[in-house]
Amino acid sequence: MESRNPFFKNKTFSEANSVDAEVIQNQGNVIDYGQTMTVSGTINKSFIMLLLLIATASVTWWMTYAGYNPMVFTIGGAIVAFVIVLISVFKPQYSSYLAPGYALFEGLFIGGISAIFEAMYPGIVIQAVSCTFVTFLVCFGLYKYEVVKVTEKFRSVVVAATLAIATYYLITWLLSMFTSFQPVHYGNSWISIGISAFVIVIAALNLFLDFDQIEKGVQERFPKYMEWYGAMGLMITLVWLYIEFLRLLSKLSSRD
């Protein structure tokens, strides 16, 4: 059981390492450690992806406040970003191209959604960004100083909870699309707020799994392109966390 994030499946990481090792062995070359995955390299690429995401997010944000309808770019960005995620799962060797592309298209989605929430609840975006940033720092600190250790039991619980959430979201979405069913997590009831808070906790716990898998990739000396792969996986978790904070804060604001 590994991180639910598709970029941190053990199979993908293992295959990348085994293929690289086989090539080196067959050619009789000495491993060039400058061409292997590093923590600093992954962090740098994460920052690059964040800048790209912010750049395109500003496009749909500006469109909304300029009076244009951003939904085509917002929905289109989400769809293309999802397709890129699927391609990267099966072709991680192309991550150096796919990861920046994901950030660009996901930014269109994030910008549009953020602008819509901001128009409804002024100030909510900066609150959600702050909550996401603080959560990331807290989780990183707890992991770095080994306050929280990623064990097999920890992975199992987090993965099971994440899969349960994904299944619940999918089923309720389908039911609401084709029936008059109203999911319990809709609206601003205290039950709905409690569900959002629970999802945020699970999303935050996924960060520990992401940190652990990146560290394992470095220890196993995975190829350099896996830095982009790792950064992309981490970005997916942060986007999920940010969206959930937007939802929670909107529910709380609507009760005022």
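Residues numbered from 1 in each chain as written. Predicted model: local features only at pLDDT ≥ 70, side-chain atom pairs only at ≥ 80, totals over all residues. Heavy atoms only, no water.

*Asks:* Just give me the short version of the packing of helix H3 (residues 71–90) against helix H8 (residues 226–254), but keep the residues and values in it.
*Replies:* Running from amino to carboxyl end, H3 crosses H8 at an angle of 140°, the nearest separation of the two axes being 12 Å. Judged on the interaxial angle alone, H8 and H3 are oblique. When the axes of H3 and H8 are compared, the crossing they make is left-handed. In contact with Ile84, Val85, Ser88 and Val89 of H3, H8 contributes Tyr229, Met232 and Ile236. (Axes fitted to C-alpha atoms, helices over the stretch in contact; angles between N-to-C directions. Helix = DSSP H or I, 4+ residues; strand = E, 2+ residues; numbered from the N terminus. Parallel < 35°, antiparallel > 145°, perpendicular 65-115°, else oblique. Left-handed = near helix turned anticlockwise from the far one by under 90°. Contact = heavy atoms within 4.5 Å.)

*Asks:* Got a sec to walk through the packing of aromatic side chains? Specific residues and values, please.
*Replies:* Summed over all chains, the structure comprises 8 aromatic pairs. Through a chain of ring-to-ring contacts, the aromatic side chains of Phe136, Phe140, Tyr143 and Phe211 assemble into a single cluster. (Phe/Tyr/Trp six-rings, centres within 6.5 Å; stacked < 30°, edge-to-face > 60°.)

*Asks:* So, helix H5 (residues 124–144): which residues are in play, and what are the values?
*Replies:* With 21 residues, H5 extends 30 Å between its outermost C-alpha atoms, agreeing within 8% with the 30 Å of an ideal straight helix rising 1.5 Å per residue. Those residues of H5 that sit buried are Ile124, Val125, Ala128, Thr132, Thr135, Cys139 and Tyr143. When H5 is viewed along its axis, its buried side chains cluster within an angular range of 105° and face the same direction. Along H5, exposed side chains directed more than 90 degrees from the buried face belong to Ile126, Phe133 and Lys144. Residues of H5 that are buried in the fold lie against helix H2 (39–65), helix H4 (95–120), helix H7 (190–219) and H8. (Expected span 1.5 Å × (residues − 1). Buried < 20%, exposed > 50% of the residue type's maximum accessible area, 1.4 Å probe, protein only. Arc of directions from axis to C-beta.)

*Asks:* Kindly report on the confidence of the model for the chain, identifying the contributing residues and their values.
*Replies:* This prediction gives the chain a mean pLDDT of 87; 86% of its residues lie at or above 70. Across residues 21–32, where pLDDT falls below 50, the model places 3 contacts with residues more than four positions away in sequence or in other chains. (pLDDT = per-residue confidence, 0-100.)

*Asks:* Account for H2, with residues named and values stated.
*Replies:* Over its 27 residues, H2 runs 39 Å from end to end, which matches the ideal 39 Å to within 8%, given 1.5 Å per residue. Every buried residue of H2 is listed here: Gly41, Thr42, Lys45, Ser46, Met49, Leu53, Thr56, Ala57, Thr60 and Met63. Close packing links the buried residues of H2 with H3, H4, H7 and H8. Two or three places before Gly41, at the opening of H2, Thr38 has a side-chain oxygen 2.9 Å from that residue's backbone nitrogen. In the stretch just after H2, Gly67 is the one whose phi turns positive, near 95°. (Polar contact = N/O pair within 3.5 Å; in protein donor to acceptor, adjacent residues only side chain to side chain.)

*Asks:* Outline unusual backbone geometry, supporting the account with residue identities and numerical values.
*Replies:* Phi at Glu146 is positive, roughly 60°, even though this residue is not glycine. Here Glu146 is to be found in the loop between H5 and helix H6 (152–178). Located in the positive-phi region is Arg221, a residue other than glycine, with phi close to 55°. Among the structural elements, Arg221 can be located in the loop between H7 and H8. Residue class for Arg221 comes out partly exposed when judged on its relative accessible area of 40%.

*Asks:* Describe the pattern of salt bridges, with residues and values.
*Replies:* Applying the stated criterion across every chain yields a total of 5 salt bridges. Across the salt bridge formed by Lys224 and Glu227, the nearest N and O atoms sit 3.0 Å from each other. Three or more residues are tied together by salt bridges with common partners; here these are Glu152, Arg155, Asp212 and Lys216. (Salt bridge = Lys/Arg side-chain N within 4 Å of Asp/Glu carboxyl O.)

*Asks:* I'd love a proper account of the side chain of Thr135, names of residues and values included.
*Replies:* With respect to the secondary-structure elements, Thr135 resides in helix H5. Once residues within four sequence positions are removed from consideration, Thr135 is found in contact with Ala204, Leu207, Leu241 and Phe245.

*Asks:* Pulling in residues and values, what's your account of the layout of surface pockets?
*Replies:* Empty space within the largest pocket amounts to approximately 1,800 Å³. The wall of the largest pocket is formed by 40 residues, among which Phe109, Tyr169, Trp240, Ile243 and Glu244 lie closest to the centre. Elements represented by at least two residues in the lining of the largest pocket include exactly H3, H4, H6 and H8. Across the lining of the largest pocket, the residue classes tally to 26 nonpolar, 8 polar and 6 charged. Here the second largest pocket is characterised by a volume of approximately 1,100 Å³. Along the wall of the second largest pocket there are 36 residues; nearest its centre are Leu50, Phe133, Phe136, Leu234 and Leu238. Put simply, the parts of the chain that give the lining of the second largest pocket at least two residues each are H2, H4, H5, H7 and H8. Sort the elements by how many residues they give to the lining of the second largest pocket and H2 lands first, with 11 residues. Partitioned by chemical class, the residues of the lining of the second largest pocket number 25 nonpolar, 6 polar and 5 charged. (1 Å grid on protein atoms, 1.4 Å probe; cavity = no way out; pocket = protein on both sides within 12 Å on 5 of 7 lines; lining within 4 Å. Points joined across faces, edges and corners; volume = space filled by probe spheres on them. Nonpolar A, V, L, I, M, F, W, Y, C, P; charged D, E, K, R; others polar.)

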